[in-house]
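The lines below spell out each chain.
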Amino acid sequence: MRIGLYPGTFDPITLGHIDIIRRASTLVDRLVIGVAINRDKGPLFSLKERVAMIEGAAARLDVTGGGQIVVHPFENLLIDCARDVGAQVIVRGLRAVADFEYEFQMVGMNRALDASIETVFLMADTGHQAIASKLVKEIARLSGDVSKFVTPDVNAALVSKFR
């Protein structure tokens, strides 16, 4: 069984993330969405809220020809999480050259820790390249409309947070 791990904080999950999940799910038998418990980042949404948003979005995906999608919170090293879930592949989404520079360093470190786990990059769809969770939160905080960047459920959750 081919298992892929798509890690992130997903605070909140965006349409860009959902696009990567949909596309990555066609490449593996099981795609594990690794939800990072990163206390240093001070997420807007709790772990429970982020997991629920991801599960809701994943349940609505049409993964015809794709594999199973599961959500797995983690707080350890990414490479250890990959081992824990049996992943042979780490999936990363790229939006721009700046993403690649950071990801390139991460691949080097992860390969030094475990050379048997590959990293695969999926380029963001052109319609989603500008979407970043950080920017979505900032727009929502300032009462802007983020409905074209997130699902209706996530949009409602953002409106509720910033009321």
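Residues numbered from 1 in each chain as written. Predicted model: local features only at pLDDT ≥ 70, side-chain atom pairs only at ≥ 80, totals over all residues. Heavy atoms only, no water.

Student: Got a minute to help me understand the pairing of strand β2 (residues 30–36) in this structure?
Tutor: Regular strands have side chains that alternate between both faces of the sheet. Counting buried positions along β2 yields 6 of 7 residues, so the element is predominantly enclosed. Relative to β2, strand β1 (residues 3–8) runs parallel, the two sharing 6 bridges. Looking at the pairing, Tyr 6 lines up with Ile 33 of β2. In this fold, β1 hands off to helix α1 (residues 15–25), which returns the chain to β2; that crossover is right-handed. In this structure, β2 lies alongside strand β3 (residues 68–74), joined through 7 bridges in parallel fashion. Within β3, the residue paired with Gly 34 across the bridge is His 72. (Buried < 20%, exposed > 50% of the residue type's maximum accessible area, 1.4 Å probe, protein only. Helix = DSSP H or I, 4+ residues; strand = E, 2+ residues; numbered from the N terminus. Pairing = 2+ DSSP bridges. Right-handed = clockwise from strand over helix to strand, strands pointing away.)

Student: Explanation requested: the pairing of strand β5 (residues 118–123) in the structure shown.
Tutor: Looking at chain direction, strand β4 (residues 89–94) and β5 are connected through 6 bridges and run parallel. Bridge pairing in β5 links Arg 92 to Phe 121. Handedness of the crossover is the feature at issue here: the chain leaves β4, passes through helix α4 (residues 97–113), returns alongside β5, and the resulting connection is right-handed.

Student: What is the right way to read the pattern of salt bridges from this model?
Tutor: Between side chains of opposite charge, pairing is possible as soon as their charged atoms come close. Taken as a whole and judged by the stated rule, the model has 11 salt bridges. We note a salt bridge from Arg 23 to Asp 19, for which the minimum N-O separation is 2.8 Å. A residue pair is termed a helical-turn pair when its members lie 3 or 4 positions apart in one helix, as Arg 23 and Asp 19 do in helix α1 at 4 residues. A relative accessible area of 25% means that Arg 23 is categorised as partly exposed. (Salt bridge = Lys/Arg side-chain N within 4 Å of Asp/Glu carboxyl O.)

Student: Explain the environment of Gly 127 to me, please; I cannot follow it from the model alone.
Tutor: Locating Gly 127 in the fold gives a position in the loop between β5 and α5 (133–141). Gly 127 sits in the exposed class, given a relative accessible area of 56%. The sequence separation of Gly 127 and Leu 15 amounts to 112 residues, and the corresponding C-alpha distance is 9.5 Å.

Student: Would you mind showing me how to read unusual backbone geometry here?
Tutor: A negative phi holds for most residues other than glycine; trans holds for most peptide bonds. The residue after Asp 11, namely Pro 12, is reached through a cis peptide bond having omega 0 degrees. You will see that Phe 10, though not glycine, has its phi angle at about 50 degrees, which is positive. Position of Phe 10 relative to the elements: it lies in the loop between β1 and α1. Phi is positive for Ser 143, close to 65 degrees, though the residue is something other than glycine. Relative to the elements of secondary structure, Ser 143 occurs in the loop between α5 and α6 (152–161).

Student: Please clarify how α5 should be interpreted in this entry.
Tutor: Because each turn of an α-helix spans 3.6 residues, side chains separated by three or four positions end up pointing in the same direction. By the burial criterion, the buried members of α5 are Ser 133, Val 136 and Ala 140. Buried residues in α5, looked at end-on, bunch into an arc of 60 degrees, giving them a common side. Considering only its buried residues, α5 is in contact with α1 and α6. Ser 143 lies just past α5 and shows a positive phi near 65 degrees. (Arc of directions from axis to C-beta. Contact = heavy atoms within 4.5 Å.)

Student: Is there a simple way to think about the side chain of Thr 119 in this case?
Tutor: Assignment of secondary structure puts Thr 119 in strand β5. If we skip the residues at most four places from it in the chain, Thr 119 touches Ile 90, Arg 92 and Val 107.

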